[in-house]
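So you can see what is in the structure, the chains are spelled out below.
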Amino acid sequence: DKGPYRHFMLKEIHDQPQSIARLLASVADTHAMTMKPFLPDLDFSKIDKVTLVACGTAYYACHVAKTWFEEIAGISAEIDIASEYRYRKRIHAPRELVIVVSQSGETADTLAALKDVRGHVAARLGVVNVATSSIAREADHVVDIEVGPEIGVASTKAFTGQMLALLSVALKAGVERGQIDKAHLASLVQDLASLPRIMSETIALEGRVSEVAQEIAPARDAIFIGRGLQYPMALEAALKLKEISYIHADGYAAGELKHGPIALIDRDMPVIVFDSAGPLQGKTRSNAAEVAARGGRVWHVGHDAKGGIQTPECPDRVLPFVYAVVAQMLAYHVALAKGTDVDQPRNLAKSVTVE
Ligand code: F6R
């Protein structure tokens, strides 16, 4: 049931403050400011390498989580696309945890990757949205993101649910590996607790996002750039835009632009800059200035992005959630402006059970 919404995708975008609050209640105790004892049988004091494997949007959740595992838990993390991972020669570590992420829990390559590593690694964790799925049944440990059925083919609330699940697992790992003391944990849980409100504030930007979408809709191509945690969000934004609006889009690490893609810049190339606060903001802004100097059209998305899309203030750690929601709304409104089929984009299936 779409309720008052025109499309399932729009409904699912608007579901996110609730879906995130629900998952949060399962993993964190926001009164005691600690994590709840989820995944009791998975002990990170016995793990010193994490490998994250998935396809599509779920892979971008892994991409951002790599940084969380490294920064919060001090644990080496690798990522791979399931269709590559399963066919390459892998060097496993004895104390390695493989995490596969899949909304449907049925993606053929992801399931095959999970089966292939059985007996070669210390443990296998599945992050799914369907507790009865093949991946949930095959994995040794399961986190259910509990975001409810996702009907729109383009993933929205499952993506933010996957990010929260992985961030929570990284926190659990940090605690169990002795990387986080009580005070630090309390501040991290505080960040998580702010998420439902921050997501609501981001959704409230829909009017402004829709104005920018009207300007981007006529373009044939588009580029998203970001650094650090926002680099995977740039990739996700590009995927969302191409999936439902059929605009060819790419995401780049901002510092990579000058290594090739800047040759594409002219006045017909919109460049959306994920201009997040932090020590590298100046560098991202100078990359954006290089685009503008070559006649490119630039929109900044950030807390102090004047003229672009001004986002709510929030802790750096949870900024990817803000950018994810902006990316979803932007793709949605561009698709609406172009009149494409938002919920059933051409050539795509919700669940990819063939290789
Ligand atoms: C993009 C999208 C796809 C899926 C991918 C993996 O919006 O929905 O890229 O993320 O097909 O699907 P699951 O998560 O079911 O394994």
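Calculation criteria
Numbering of residues starts from 1 in every chain and runs along the sequence as written. Two thresholds apply to this predicted model, a pLDDT of at least 70 for residue-level local features and 80 or more for giving and counting side-chain atom pairs, whereas whole-chain, interface and lining totals are computed over all residues. No hydrogens and no water enter the side-chain calculation; it runs on all heavy atoms of the structure. UniProt positions are given in the numbering used here, feature names are shortened, and annotations may be inferred rather than shown by experiment. Note on conventions: DSSP H or I runs of at least 4 residues are helices, E runs of at least 2 residues are strands, and numbering of each starts at the N terminus. Radius of gyration: C-alpha atoms only; globule rule: 2.2 Å multiplied by the number of residues to the exponent 0.38. Between buried and exposed lies partly exposed: a residue is buried under 20% and exposed over 50% of the maximum accessible area for its type, with that area taken using a 1.4 Å probe on protein chains only. Between the rings of Phe, Tyr and Trp (Trp by its six-membered ring), a pair exists once the centres lie within 6.5 Å; its type follows the angle of the planes, with under 30 degrees stacked, over 60 edge-to-face, and the other angles tilted. We treat two strands as partners when DSSP finds at least two bridges between them. For crossovers, right-handed means that the path from the first strand over the helix to the second runs clockwise, given strands pointing away from the viewer. Geometry is summarised by axes, namely lines fitted to C-alpha atoms with helices restricted to the contacting stretch, and by angles between N-to-C directions that run from 0 to 180 degrees. Summary of the distance rule: residues count as near a molecule or strand when at least one heavy atom falls within 4 Å of that molecule or strand. Two N or O atoms form a polar contact when they lie within 3.5 Å of each other; inside protein one atom must be a possible hydrogen donor and the other a possible acceptor, and for residues adjacent in sequence the pair counts only when both atoms belong to side chains. Using a 1.4 Å probe, the Shrake-Rupley method yields the accessible areas, and only the shown protein chains count as cover for residues. Throughout, the protein atoms alone are placed on a 1 Å grid, and a set of points is a cavity if a 1.4 Å probe fits but cannot get out or a pocket if it is open with protein on both sides within 12 Å along at least five of seven lines; lining residues have an atom within 4 Å of a point. Molecule-in-pocket calls rest on the fraction of atoms, with more than half required to lie within 2 Å of the cavity or pocket grid points. Expected span, for any helix, means 1.5 Å times one less than how many residues it has. It is the directions from the helix axis to the C-beta atoms whose arc is reported. Should an angle fall under 35 degrees it is taken as roughly parallel, and over 145 as roughly antiparallel, whereas 65 to 115 is taken as roughly perpendicular and any remaining angle as oblique. Should the near helix be turned anticlockwise from the far one by less than a right angle, the crossing is termed left-handed; should it be turned clockwise, right-handed. We call two residues in contact whenever any of their non-hydrogen atoms come within 4.5 Å of each other. Gly is put with the polar residues, along with every residue not named as nonpolar or charged; the nonpolar set is Ala, Val, Leu, Ile, Met, Phe, Trp, Tyr, Cys and Pro, and the charged set is Asp, Glu, Lys and Arg.

The name given to the protein in an unreviewed UniProt entry is Glutamine--fructose-6-phosphate aminotransferase [isomerizing], with the source organism recorded as Roseivivax lentus. The Function (unreviewed entry) comment attached to the protein in UniProt states, word for word, "Catalyzes the first step in hexosamine metabolism, converting fructose-6P into glucosamine-6P using glutamine as a nitrogen source." The protein has a UniProt comment under Subunit (unreviewed entry) that states "Homodimer."

Counting its regular elements, the protein contains 13 helices and 12 strands. Taken over the C-alpha trace, the protein has a radius of gyration of 20 Å; the compact-globule value for 355 residues is 20 Å, and the two agree within 12%. With the C-alpha coordinates aligned to their principal axes, the bounding extent of the protein is approximately 55 × 45 × 45 Å. For the protein, buried positions account for 58% of its 355 residues.

So, about the packing of aromatic side chains. All chains considered together, the criterion is met by four aromatic pairs. Measuring from ring centre to ring centre gives 5.8 Å for Tyr59 and Tyr60, while their planes differ by 55°; the resulting arrangement is tilted. The class of Tyr60 is buried, set by a relative accessible area of 16%. Taken together, a centroid distance of 6.2 Å and an interplanar angle of 20° make the contact between Trp68 and Phe321 stacked.

Where a strand is regular, its side chains alternate between the two sheet faces. Where strand S8 (residues 221-226) lies against strand S9 (residues 248-253), six bridges are found, and the strand directions are parallel. In the strand pairing of S9, Asp221 is matched with His248. Each parallel crossover has a hand, and the one from S8 via helix H11 (residues 230-245) to S9 is right-handed.

This part takes up the sheet that holds strand S6 (residues 123-128). One open sheet accounts for five strands, arranged S4-S3-S5-S6-S7; its pairing is parallel. Each having just a single partner strand, strand S4 (76-81) and strand S7 (141-144) make up the two edges of the open sheet. The sheet shows a mean angle of 20° between the axes of neighbouring strands, taken without regard to direction. Of the pairings in the sheet, the one linking strand S3 (residues 49-54) to S4 comprises six bridges and is parallel in character.

With that out of the way, let us pick up the site of the ligand. If you check the shell around the ligand, you find 13 residues, and the closest are Ser102, Gln103, Ser104, Thr107 and Glu243. Between the ligand and Thr107, the relevant distance is 2.4 Å, taken from an oxygen atom to a side-chain nitrogen or oxygen of the residue. Within the contact set of the ligand, an oxygen atom lies 2.9 Å away from a backbone nitrogen or oxygen of Ser155. When the ligand sits alone it has 410 Å² of accessible area, and the protein chains cover 90% of it. Because more than half of its atoms lie within 2 Å of the grid, the ligand is assigned to the largest pocket. Listed by contribution, the elements that provide at least two residues to the shell around the ligand are helix H3 (56-73) and H11.

Moving on to helix H2 (residues 16-27). Residues separated by three or four positions in an α-helix point in the same direction, a consequence of the helix having 3.6 residues per turn. End to end, H2 covers 16 Å across 12 residues, agreeing with the expected 16 Å (1.5 Å per residue, within 8%). Along H2, the residues classified as buried are Gln16, Pro17, Ser19, Ile20, Leu23, Leu24 and Val27. Taken down its axis, H2 places every buried residue within 165° of arc, on the same side.

With that settled, consider the packing of helix H9 (residues 195-203) against helix H13 (residues 319-338). Two elements in contact, H9 and H13, have axes separated by 9 Å at closest approach and are oriented at 30°. One finds that H9 runs roughly parallel with respect to H13. Crossing hand, H9 versus H13: right-handed. Of the residues in H13, those in contact with Leu195, Ile198, Met199, Thr202 and Ile203 of H9 are Phe321, Val322, Val325, Val326 and Met329. Grouping the amino acids of the contact of H9 with H13 by side-chain chemistry returns nine nonpolar, one polar and no charged.

Below, the discussion takes up the environment of Leu171. With respect to the helices and strands, Leu171 occurs in helix H7 (residues 157-176). A relative accessible area of 1% means that Leu171 is categorised as buried. Sequence separation between Leu171 and Ser19 is 152 residues; the distance between their C-alpha atoms is 20 Å. Excluding anything up to four places from it in sequence, Leu171 contacts Met35, Ile72, Ile180, Leu185, Leu188, Val189 and Leu192.

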